[in-house]
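Letter by letter, the chains look like this.
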Amino acid sequence: MLRANHPDTPSWLLIAAMLMSFLAAQYHHRFTVDPIRAVPALASLMALGSARAIGKYTARPRLAAGATAFLQMTLFTLCGVVLAYALAANSGRLWDIRLAAADHAVGFNWPVVFAVLDTCPPAIWLLGLAYHSLTLQMVVVIVALSGTAKFDTLRTMVCAAIMSGFVTILISGLTPARGNLFDPSHYVHLWPSIAWLEQELISGLRDGSLRVLDLTMLMGIVSFPSFHATLAAIFIWAFAALPRIALPGRAWAILTIIATPVFGGHYGIDVIMGLLLAPPAILAARHLTQRRRPSHPMGSALPA
């Protein structure tokens, strides 16, 4: 079983599975890595690995736990994005019409939402900054949980993030989409969404013109489900273990979820599905990462 006295093992195994999935997915569409642009990523991994080793060998559990979490999330991000690229290169027809129809059935009217939001620049800045701060939220949560020795919550959060991210990427390979696109030139204040900026990237992956990986410019291309929403929901759960910052932290994550359809270019159904993935991921991660308590023979409790 994955669950054992090594609670970090499930996350490492998930990362290894993502790497193997990438190697399998890119078999027919070979990708190469720009070696020069891979240097910053390798340097970051080496620095985090060194910090983890120092923390372990100098008996500094907070440093070791924080460095391990950052190392795992960095590796997950690298493996996850390139896996999404490889799956996009193999994907079939786009699902945008179906996803837009699902939004319509649920009652989302995005042109009206965009038009109303364009009349309120302060709301655009607030939601836009919240959406683009997801990495900063991750840094805050990891530093706070490791600094307060909430190691069980930290490991569960990281494992849940990696597990749900892996599932999200695999689903996206079956349901490829460009996203909920709107032309920013039709608005005065509204920013272009990530989906709008990624159009050429997705086209290059699908038509074969993009096969060199620039590790300094990796972008998430998953539309359905929204991992942005899933990760923000996981952060809402993790902030509960940090009473001093729980209220602002949760409000921050909620704003991120609200901003995801606009600034991420997601359909409403993407966000709904992303939110639904968070609870089972947390429950599964908690089961996998909890330490197994040693069992003692009955006779060992008796006095000599």
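See above for the structure.
Before going into details, it helps to say that this report is about the structure given with it. (Residues numbered from 1 in each chain as written. Predicted model: local features only at pLDDT ≥ 70, side-chain atom pairs only at ≥ 80, totals over all residues. Heavy atoms only, no water.)

Notes on the pattern of salt bridges
- Scanning the entire structure with this criterion turns up two salt bridges.
- For the salt bridge of Asp8 with Arg155, the shortest nitrogen-to-oxygen distance reads 3.2 Å. Remark: Arg155 occurs in helix H8 (residues 151-174) and Asp8 occurs in the segment before helix H1 (9-25); sequence separation between them is 147 residues. With respect to class, Asp8 is no different from Arg155; both count as buried.
- Taking the shortest distance from any N to any O, the salt bridge between Asp214 and Arg37 comes out at 3.5 Å. On the criterion of sequence distance, the pair formed by Asp214 in the loop between strand S2 (212-213) and helix H11 (227-239) and Arg37 in the loop between strand S1 (32-33) and helix H2 (39-57) is long-range, its members being 177 residues apart. (Salt bridge = Lys/Arg side-chain N within 4 Å of Asp/Glu carboxyl O. Helix = DSSP H or I, 4+ residues; strand = E, 2+ residues; numbered from the N terminus. Buried < 20%, exposed > 50% of the residue type's maximum accessible area, 1.4 Å probe, protein only.)

Re H8
- Between its terminal C-alpha atoms H8 stretches 35 Å, which fits the 34 Å expected from 24 residues at 1.5 Å a residue.
- Among the 24 residues in H8, 19 count as buried, and that is most of the element. (Expected span 1.5 Å × (residues − 1).)

Remarks on a nonpolar patch on the surface
- A cluster of nonpolar side chains, contributed by Leu19, Met20 and Leu23, occupies part of the molecular surface with about 280 Å² of accessible area.
- A relative accessible area of 55% places Met20 in the exposed class. (Patch = residues over 30% accessible without salt bridge, like charges linked within 9 Å, V, L, I, M, F, W, Y side chains within 5 Å. Areas by Shrake-Rupley, 256 points an atom, 1.4 Å probe, with all protein chains shown as cover.)

Considering the environment of Ala259
- By the secondary structure assignment, Ala259 is in helix H12 (residues 246-263).
- When the C-alpha atoms of Ala259 and Leu129 are compared, they prove to be 9.0 Å apart, with 130 residues separating the residues in sequence.
- With near-sequence residues (within four places) excluded, Ala259 lies in contact with Leu127, Tyr131 and Gly264. (Contact = heavy atoms within 4.5 Å.)

Quick notes on the packing of helix H6 (residues 121-131) against H12
- Remark: H6 packs on H12, axes separated minimally by 7 Å, with the N-to-C direction vectors making an angle of 100°. One element, H6, and the other, H12, form an angle in the roughly perpendicular class. Facing Ile124, Leu126, Leu127, Gly128, Ala130 and Tyr131 of H6, the residues of H12 in contact are Trp252, Leu255, Thr256, Ile258, Ala259, Thr260 and Phe263.
- For the contact of H6 with H12, the class distribution of residues is 10 nonpolar, three polar and no charged. (Axes fitted to C-alpha atoms, helices over the stretch in contact; angles between N-to-C directions. Parallel < 35°, antiparallel > 145°, perpendicular 65-115°, else oblique. Nonpolar A, V, L, I, M, F, W, Y, C, P; charged D, E, K, R; others polar.)

Quick look at unusual backbone geometry
- Geometrically, the link from Phe224 to Pro225 is a cis peptide bond, its omega value of -10° lying close to zero.
- Topologically, Pro225 is positioned in the loop between S2 and H11.
- Positive phi, close to 55°, is recorded for Ala59, a residue that is not glycine.
- Within the secondary structure layout, Ala59 lies in the loop between H2 and helix H3 (61-90).
- Take Ala59: its relative accessible area is 64%, and that puts it in the exposed class.
- A positive phi angle, near 60°, is found at Ala149, a position not held by glycine.
- Following the sequence through the fold, Ala149 ends up in the loop between helix H7 (134-147) and H8.

Considering the packing of H3 against H8
- The N-to-C vectors of H3 and H8 enclose an angle of 0°; their axes lie 10 Å apart at closest approach. As far as their axial angle goes, H8 and H3 are roughly parallel. Counted together, Pro61, Arg62, Ala65, Gly66, Ala69, Gln72, Met73, Phe76, Gly80, Leu83, Ala84 and Leu87 of H3 and Phe151, Leu154, Val158, Ala161, Ile162, Gly165, Phe166, Ile169, Leu170 and Gly173 of H8 form the full contact between these two elements.
- Its residues assigned to classes, the contact of H3 with H8 comprises 16 nonpolar, five polar and one charged.

Looking at the packing of aromatic side chains
- Applying the stated rule across the entire model yields nine aromatic pairs.
- Each ring, one from Phe108 and one from Trp110, has its centre 5.1 Å from the other, and the planes form 10°; the classification is stacked.
- A relative accessible area of 30% means that Phe108 is categorised as partly exposed.
- Plain terms: the ring middles of Trp110 and Phe114 are 6.1 Å apart, the flat faces sit at 25° to each other, and that makes the pair stacked. In this pair, Trp110 and Phe114 are both assigned in helix H5 (residues 110-117), four residues apart and thus about one turn of the helix distant. (Phe/Tyr/Trp six-rings, centres within 6.5 Å; stacked < 30°, edge-to-face > 60°.)

What to know about H2
- For H2, built from 19 residues, the straight-helix expectation of 27 Å at 1.5 Å per residue is met to within 8% by its first-to-last C-alpha distance of 27 Å.
- Taken as a whole, H2 has its buried residues at Ala41, Leu45, Leu48 and Gly55. Viewed along the axis of H2, the buried residues span an arc of 90°, placing them on a single side of the element. Among the exposed residues of H2, those oriented more than 90 degrees off its buried face are Met46 and Tyr57.
- Where the residues of H2 are buried, they touch H3. (Arc of directions from axis to C-beta.)

Honestly, that's just the spatial picture; any functional story needs more than this.
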